[in-house]
Amino acid sequence: MNEKSLEKNLANLERELVALQTAHEVGLGAVEFYSYEATTPARRWSEDWPNSHFLAIMITVHDGEPLNPVIQGYIQADGMGNIPSIGNYMMQHSDSKYSFFDAGLGIDAPIVTQYFYKVVSTSILDIEVAESIAQYEEWVENA
């Protein structure tokens, strides 16, 4: 390869790199991951059901952060042994609002007094735990 050919290849590579950098909101290789975890008391779903419990994590993408981030969540209820609680999954309500929910309702439901949760995201998040089902429902309606 002669010098002229090398310069031409380098110029082409430079144009491709600039095009890649401008085509992506976040530059290639620049993704960071943010992790949030906590232990929180289980909330009572209903006073009529003494073993009822729930955890509603309300997630908002922090102002100025990229919307539609990749988010993974995990919930472990203390009465469920070594297995994750069944039925917990991430829900997207808008470009910036997500929730993660787990509940147990029934006479023979295991007694759960606390939850451990972990959320990993490609954007900085604001995380709040709902104190009641009504608070969670209102938050979802306004999402």
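The structure displayed is predicted, hence computed values, not measured ones. (Residues numbered from 1 in each chain as written. Predicted model: local features only at pLDDT ≥ 70, side-chain atom pairs only at ≥ 80, totals over all residues. Heavy atoms only, no water.)

Asks: Please clarify how a nonpolar patch on the surface should be interpreted in this entry.
Replies: Residues L6, L10 and L13 make up a contiguous nonpolar surface patch of roughly 290 Å² in combined accessible area. Mapped onto the elements, L6 comes out in helix 1 (residues 3-23). By relative accessible area, which is 42% here, L6 ends up partly exposed. (Patch = residues over 30% accessible without salt bridge, like charges linked within 9 Å, V, L, I, M, F, W, Y side chains within 5 Å. Areas by Shrake-Rupley, 256 points an atom, 1.4 Å probe, with all protein chains shown as cover. Salt bridge = Lys/Arg side-chain N within 4 Å of Asp/Glu carboxyl O. Helix = DSSP H or I, 4+ residues; strand = E, 2+ residues; numbered from the N terminus. Buried < 20%, exposed > 50% of the residue type's maximum accessible area, 1.4 Å probe, protein only.)

Asks: I keep staring at unusual backbone geometry and nothing clicks. Help me out?
Replies: Glycine aside, the phi torsion of most residues is negative, and most peptide linkages are trans. Within the chain, N68 stands out as a residue other than glycine whose phi angle is a positive 55 degrees. The topology assignment puts N68 in the loop between strand 2 (53-61) and strand 3 (71-77).

Asks: Explain the nonpolar core to me, please; I cannot follow it from the model alone.
Replies: As a rule of thumb, nonpolar side chains are buried together in soluble globular proteins. Grouped together as the largest cluster of nonpolar side chains are 15 residues, with contacts concentrated most on L55, I59 and Y117. Of all the secondary-structure elements, those providing two or more residues to this core are strand 2, strand 3, strand 5 (97-104), strand 6 (114-121) and strand 7 (125-129). Counting residues per element, this core draws most heavily on strand 2, at 4 residues. When sequence neighbours within four positions are dropped, the list of residues in contact with L55 reads T40, I75, F100, F101, D102, Y115, Y117 and V129. Core analysis: the second largest hydrophobic core is formed by 8 residues, F54, M58, A130 and W139 among them. (Core = buried A, V, L, I, M, F, W, Y, C linked by side-chain atoms within 4.5 Å. Contact = heavy atoms within 4.5 Å.)

Asks: Explain the pairing of strand 5 to me, please; I cannot follow it from the model alone.
Replies: A regular strand carries its side chains on alternate faces of the sheet. In terms of burial, strand 5 is a largely internal element, 6 of the 8 residues being buried. Where strand 2 lies against strand 5, 8 bridges are found, and the strand directions are antiparallel. What sits directly across from F54, in strand 5, is A103. With 4 bridges joining them, strand 4 (residues 89-92) and strand 5 adopt antiparallel strand pairing. Among the inter-strand pairings, Y89 is bridged to a residue of strand 5, identified as F101. Connecting the antiparallel pair strand 4 and strand 5 is a turn made up of 4 residues. (Pairing = 2+ DSSP bridges.)

Asks: I'm lost on the packing of aromatic side chains in this one. Help?
Replies: For the structure shown, the criterion picks out 5 aromatic pairs. Taking 6.2 Å as the distance between ring centres and 90 degrees as the angle between the ring planes, the aromatic pair formed by W45 and F54 counts as edge-to-face. Classification of F54 as buried rests on a relative accessible area of 0%. Geometrically, the ring pair formed by F101 and Y136 is stacked, given 5.3 Å between the ring centres and 25 degrees between the ring planes. One end of the pair, F101, is in strand 5; the other, Y136, is in helix 2 (residues 133-141), with 35 residues separating them in the sequence. A network of ring pairs unites the aromatic residues W45, F54, F101 and Y136 as a single cluster. (Phe/Tyr/Trp six-rings, centres within 6.5 Å; stacked < 30°, edge-to-face > 60°.)

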